[in-house]
Amino acid sequence: MLIKKFPALSRMDYVPSPYEPNEDGVMDVGYYNGALSDGRAYRVECWRMDEMLMMTVMFSDLGLSAWKRQDMFCLLELEGILEYTAERRAVQCARTQDDAERGVWALNMMLANGKGTYGKLLVPLQSYK
């Protein structure tokens, strides 16, 4: 069965910390809301922890339960969200829940640290400030 409508991603309980790191040491940089080519809404959140610049991409997991980590590498590039700038492609992938307790994929990737740059966001971030 072809899924034509996907639930919107909910981040209603998330309180960003754009001015100083929160109790976990995370400082929020910005976010972007977009849609994948199948119409599925996604959200990119960019954040810093120590010298690392990280991104998290979240989207509905409906119809994607069989996807693997390698599929996610390709998805980020094919959808024009990220360009890999190094051979190292350390993407962590997990199925979890959004703030409305709906199933989502959450992909985390380090974009840069003190040793180099590993990826470049291709979407314009909006500031939390």
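Enquirer: Help me out: how do you make sense of the overall build of the protein chain in this one?
Expert: Across its full length, the protein chain holds 1 helix and 9 strands. Mapped in sequence order, the helices and strands of the protein chain form the string β-β-β-α-β-β-β-β-β-β. A globule of 129 residues ought to have a C-alpha radius of gyration of about 14 Å, and the protein chain, at 15 Å, matches this closely. Principal axes of the C-alpha set define a box for the protein chain whose edges measure 45 × 35 × 25 Å. The proportion of buried residues among the 129 residues of the protein chain is 39%. Pairs at least 24 residues apart make up 55% of the contacts formed inside the protein chain by residues separated by at least 6 positions.

Enquirer: What is the right way to look at the nonpolar core in this model?
Expert: Side chains of nonpolar character tend, in soluble globular proteins, to be buried together. Of all hydrophobic cores here, the largest spans 29 residues; its most connected members are Y42, M55, V57, F59, L76 and L107. Among the elements of the structure, β2 (41-49), β3 (52-60), α1 (69-78), β4 (82-84) and β6 (103-113) are those that each provide at least two residues to this core. Looking at this core, the element that brings in the most residues is β6, giving 6 residues. Not counting residues within four places of it along the chain, the set of residues in contact with L107 comprises M55, T56, V57, F59, M72, L75, L76, V91, Q92 and C93.

Enquirer: Help me understand the confidence of the model for the protein chain in this model?
Expert: If pLDDT is low for a region, its predicted coordinates should not be looked at in detail. Per-residue pLDDT for the protein chain has a mean of 91; in total, 96% of the residues score no lower than 70. The least confident element of the protein chain is α1, whose mean pLDDT is 87; the most confident is β2, at 97.

Enquirer: Help me understand the state of the cysteines in this model?
Expert: Two cysteines joined by a covalent bond between their sulfur atoms form a disulfide. Summed over all chains, the structure comprises 0 disulfides. Take C46: it sits in no disulfide, and the sulfur closest to it among the cysteines is that of C93, at 17 Å. Sulfur of C93: no disulfide; nearest cysteine sulfur belongs to C74 and is 11 Å away.

Enquirer: Help me understand the environment of M12 in this model?
Expert: Considering the arrangement of structural elements, one finds M12 in the segment before β1 (26-35). Overall, the relative accessible area of 59% leaves M12 in the exposed class. For M12, the residues in contact, after removing those within four places along its chain, are D99 and A100.

The rules we used
- Residues numbered from 1 in each chain as written.
- Predicted model: local features only at pLDDT ≥ 70, side-chain atom pairs only at ≥ 80, totals over all residues.
- Heavy atoms only, no water.
- Helix = DSSP H or I, 4+ residues; strand = E, 2+ residues; numbered from the N terminus.
- Rg over C-alpha atoms; globule rule 2.2 N^0.38 Å.
- Buried < 20%, exposed > 50% of the residue type's maximum accessible area, 1.4 Å probe, protein only.
- Contact = heavy atoms within 4.5 Å.
- Core = buried A, V, L, I, M, F, W, Y, C linked by side-chain atoms within 4.5 Å.
- pLDDT = per-residue confidence, 0-100.
- Disulfide = S-S within 2.5 Å.

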